[in-house]
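Structural overview for review
Spelled out, the chains give:
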Amino acid sequence: MLEEKGKYASATQNRRFVWEKVMWPLILELNTTSFTNQQYKKRRDQVCKELDIPASRIAGGFVSLLLKGILYKENDLYSIHYRLIPYMRLGANCDYSTAVREASTK
């Protein structure tokens, strides 16, 4: 299905998938705004095993989230954009479109 889509549509789909299946559940599970690379890899491997998908698909979406400014890297920690913290504190479902809107709002 990804092969039929254009380059930008595939990138968006990968970002959306990684955010909704890996990143946001990880943030809610840890109940903190930051996580380590080991915590991310553990969650990624779990999702890959459950859905029988290659880790490379998730890796591209993860990097893309960093480039979009939804995630930030500081030393050995990754953290979410500060405008997403209220969603985490409430335990609310923050879908990809909400994350993009909040991260791009100045």
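Residues numbered from 1 in each chain as written. Predicted model: local features only at pLDDT ≥ 70, side-chain atom pairs only at ≥ 80, totals over all residues. Heavy atoms only, no water.

Here we look at unusual backbone geometry
In the Ramachandran plot, N31 falls in the positive-phi region, its phi being about 55° despite a non-glycine side chain. Summarising the element assignment, N31 is placed in the loop between helix 1 (7-30) and strand 1 (34-36). The phi dihedral of N75 is positive, around 55°, even though this residue is not glycine. Position of N75 among the secondary structure elements: in the loop between strand 2 (71-74) and strand 3 (77-80). The exposure class of N75 is exposed, given its relative accessible area of 70%. (Helix = DSSP H or I, 4+ residues; strand = E, 2+ residues; numbered from the N terminus. Buried < 20%, exposed > 50% of the residue type's maximum accessible area, 1.4 Å probe, protein only.)

Here's the deal with the pairing of strand 3
Bridging between strand 1 and strand 3 involves three bridges; their strand directions are antiparallel. Its bridge partner being in strand 3, T36 is matched across the sheet by L77. Summarising the sheet, strand 2 and strand 3 pair through four bridges and their orientation is antiparallel. Pairing of K73 across the sheet is with Y78, part of strand 3. (Pairing = 2+ DSSP bridges.)

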